[in-house]
Amino acid sequence: MVTHAWFAQREFTDVEILRRFQESLADEKARGDLADTGSRDQYLGMSLRELIHEYKWQTLVLLKCCLLQPKMLFFGSRCDKLCMVQFALISLIPGLIRNLQDCADPELNAYEEKLAPSTSLQSSNRTSLLQFMGLPLQIFGKGAIFGPYTPLQQLDLLADVGTKSYLVGSTNSLLLQQRDRYSDILINLDEGTVNITSPSLKSALTLTAADRRWIDLLTQQINETWDETNPSRPKTLQYAGSEEYIRSQFESYILGLISSVKFHNFLAQQGDVSKGTFTSEEDPAVDFGLEWIAAWQKTENYPEAPLRRRPDH
């Protein structure tokens, strides 16, 4: 909003509004107003309703793709939409949007260096629960980059041997011409297409029947409450289908995913699956895709046991 107001002045040498905005942020930080982790302001400008309305079941594909940490390239001619879609996508991982301190360079890894084992759990406390479950999952740690708008000057960084994965956006068609070099998956916002170039990634990202039922139901709720005049909120003005509702659904999905994988690993360690005393139909991890889980376990963001959290400061 501040940027829009500054451009509306049509006088770029007048930076008074930017200076006052900077001062107001400093004042809020001094008062502690920015310390509220439950603040909705962190999601300002990110419309999950629009994202799911446009990409439907592919929204879940993109989220699961993020967790596998491939090279994701978003392309679009509109810079505002390009950035909004990427921020909306990573905001589906609880707590990640507030912990992006290592996302600018593949050498940064301060977050992981401060992690410690989680020794307690207060099930009635959401923050405690998320920490105990290993959230936020750090997909932008060592060897990874997040660049919602990446200029051509940073292409060398993307191609660097130390850059193992990234989620970046570009408005330059030059990257489309070199998509095979710079991406494992290309999301073209202008055309509304998702093109997975890596065969192994494409196979792992095939949604299970349970995945499709879950995301199709969520998509249906959004479509039934869709308001063309105001896409950001349900036409019924109810909780179901709202931005907060969508985030809670994805949070539950990720918590269910982590819990199911931990249980699956426990059964494997006990030998129940291999001995036939526990069938695959009774394994909750099957609903998330065993091939995808096997690929996820090889990534840097997979929450190893014991589950970890960021220590309190």
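Everything numeric here is computed off the predicted structure, so don't read it as measured data.

Caption draft 1: Representation of the overall build of the protein chain within the structure. Of regular secondary structure, the protein chain possesses 15 helices and 7 strands. Taken over C-alpha atoms, the radius of gyration comes to 21 Å for the protein chain, in line with the 20 Å a tight globule of 313 residues would show. Once the C-alpha set of the protein chain is aligned to its principal axes, its extents read approximately 75 × 50 × 45 Å. Residues counted as buried form 43% of the 313 residues belonging to the protein chain.

Caption draft 2: Main features of the packing of aromatic side chains. This model, assessed by the stated rule, comprises 11 aromatic pairs. Plain terms: the ring middles of F7 and F12 are 5.3 Å apart, the flat faces sit at 70° to each other, and that makes the pair edge-to-face. With 4.8 Å between their ring centres and 35° between their planes, W214 and Y253 make a pair best called tilted. Placement of W214 in helix 12 (residues 209–224) and of Y253 in helix 13 (residues 243–270) is noted, with a sequence separation of 39 residues between them. Taken together through their ring pairs, the aromatic side chains of W214, F250, Y253 and F288 make up a single cluster. The positively charged end of K64 is found above the aromatic ring belonging to W292, 4.9 Å away from the centroid.

Caption draft 3: Geometry of the side chain of T299. Among the secondary structure elements, T299 is positioned in the loop between helix 15 (290–296) and strand 7 (308–309). A relative accessible area of 12% means that T299 is categorised as buried. Within polar-contact distance, the side chain of T299 engages the side chain of N301 at 3.2 Å. In terms of polar contacts, T299 uses its side chain to reach the backbone amide nitrogen of Y302, at 3.5 Å.

Caption draft 4: The arrangement of the nonpolar core in detail. Grouped together as the largest cluster of nonpolar side chains are 62 residues, with contacts concentrated most on M72, F74, L89, F140, L167, F250 and W296. Among the elements that take part in this core, helix 13 stands out by supplying 9 residues, more than any other. Excluding anything up to four places from it in sequence, W296 contacts L67, L68, L137, L257, I258, V261, N301, Y302 and P303. One finds L73, I145, Y182 and L186 within the second-largest nonpolar core, a separate group that totals 11 residues.

Caption draft 5: Highlighting the packing of helix 3 (residues 48–55) against helix 12. Contact geometry of helix 3 with helix 12 gives a least axis separation of 9 Å together with a crossing angle of 110°. Relative to helix 12, the element helix 3 is oriented roughly perpendicular. Note on packing geometry: the crossing formed by helix 3 with helix 12 is left-handed. For the pair formed by helix 3 and helix 12, the contact residues are R49, I52 and H53 on the first element and L218, T219, I222 and N223 on the second. Its residues assigned to classes, the contact of helix 3 with helix 12 shows 3 nonpolar, 3 polar and 1 charged.

Caption draft 6: Structural detail: unusual backbone geometry. For the peptide bond that leads from L135 to P136, omega is 0°, which places it in the cis range. In this structure, P136 sits in the loop between helix 7 (126–132) and strand 3 (144–147). Here K56, not a glycine, exhibits a phi torsion of approximately 50°, which is positive. Locating K56 in the fold gives a position in the loop between helix 3 and helix 4 (58–68).

Caption draft 7: Molecular detail of the pattern of salt bridges. Taken as a whole and assessed by the stated rule, the structure comprises 8 salt bridges. With a closest N to O distance of 3.2 Å, E107 and K142 form a salt bridge. Residue E107 is located in the loop between helix 5 (79–90) and helix 6 (110–113), and its partner K142 is located in the loop between helix 7 and strand 3; the two are separated by 35 residues in the primary sequence. You can call E107 exposed: its relative accessible area is 52%. Across the pair E251 and R126 runs a salt bridge whose closest N-O atoms are separated by 2.6 Å. Linking E251 in helix 13 with R126 in helix 7, this pair joins segments that are 125 residues apart in sequence. Its relative accessible area of 15% is what places E251 among the buried residues. One network of salt bridges, with partners in common, ties together E16, R19 and E23.

Caption draft 8: Fine view of the sheet that holds strand 3. Ordered in space as 3-4-1-5-6, the 5 strands form an open sheet in which the pairing is mixed. At either margin of the open sheet sits one strand with a lone partner, and together these are strand 3 and strand 6 (193–196). Direction aside, neighbouring strands of the sheet carry axes that sit 15° apart on average. Here strand 5 (residues 185–188) runs beside strand 6; their pairing, made up of 4 bridges, is antiparallel. Looking at strand 6, one finds that I185 is bridged to I196.

Caption draft 9: Main features of the pairing of strand 3. Of the two faces of strand 3, both are covered, the one formed by A144 and F146 as well as the one formed by I145 and G147. Examined bridge by bridge, strand 3 and strand 4 (residues 165–170) share 4 bridges and lie parallel to one another. Looking at strand 4, one finds that G147 is bridged to V168.

Quick notes on the rules
- Each chain has its residues counted from 1, running along the sequence as written.
- Where totals are concerned, whole chains, interfaces and linings use all residues; where local detail is concerned, this predicted model gives features only for residues with pLDDT of at least 70, and gives and counts side-chain atom pairs only at 80 or more.
- Calculated side-chain values reflect all of the structure's heavy atoms, with hydrogen atoms and water omitted.
- Secondary structure is summarised from DSSP: a helix means a run of H or I of at least four residues, a strand means a run of E of at least two, and numbering begins at the N terminus for each.
- When we talk radius of gyration, it's over C-alpha atoms, and the globule rule is simply 2.2 Å times the number of residues to the 0.38.
- Accessibility here uses a 1.4 Å probe with only protein chains present; expressed as a share of the type maximum, an area under 20% marks a residue as buried, one over 50% as exposed, and anything in between as partly exposed.
- Centres within 6.5 Å make a pair out of two Phe, Tyr or Trp rings, where for Trp the six-membered ring is used; the pair is then stacked when the planes are under 30 degrees apart, edge-to-face when over 60, and tilted otherwise.
- Either the NZ atom of lysine or the CZ atom of arginine qualifies as a charge over a ring when it sits within 6 Å of the ring centre and within 35 degrees of the ring normal.
- Polar contact is the term for a pair of N or O atoms within 3.5 Å; when the atoms are in protein, one must be able to donate a hydrogen and the other to accept it, and sequence-neighboring residues count only if both atoms are side-chain atoms.
- Buried Ala, Val, Leu, Ile, Met, Phe, Trp, Tyr and Cys residues that are joined via side-chain atoms within 4.5 Å together make up what is termed a nonpolar core.
- Between two residues, a contact is recorded if the distance between any of their heavy atoms is within 4.5 Å.
- To define axes, lines are fitted to C-alpha atoms, for helices over the stretch in contact only, and angles between the resulting N-to-C directions are given on a 0 to 180 degree scale.
- Note on terminology: angles under 35 degrees are roughly parallel, angles over 145 are roughly antiparallel, angles of 65 to 115 are roughly perpendicular, and the others are oblique.
- Throughout, a crossing is termed right-handed when the near helix is turned clockwise from the far one, and left-handed when it is turned anticlockwise from it by less than a right angle.
- Asp, Glu, Lys and Arg are counted as charged, while Ala, Val, Leu, Ile, Met, Phe, Trp, Tyr, Cys and Pro are counted as nonpolar; the rest, among them Gly, fall into the polar class.
- Here, a salt bridge means any side-chain nitrogen of Lys or Arg that lies within 4 Å of a carboxyl oxygen of Asp or Glu.
- Any two strands with at least two DSSP bridges between them are considered paired.

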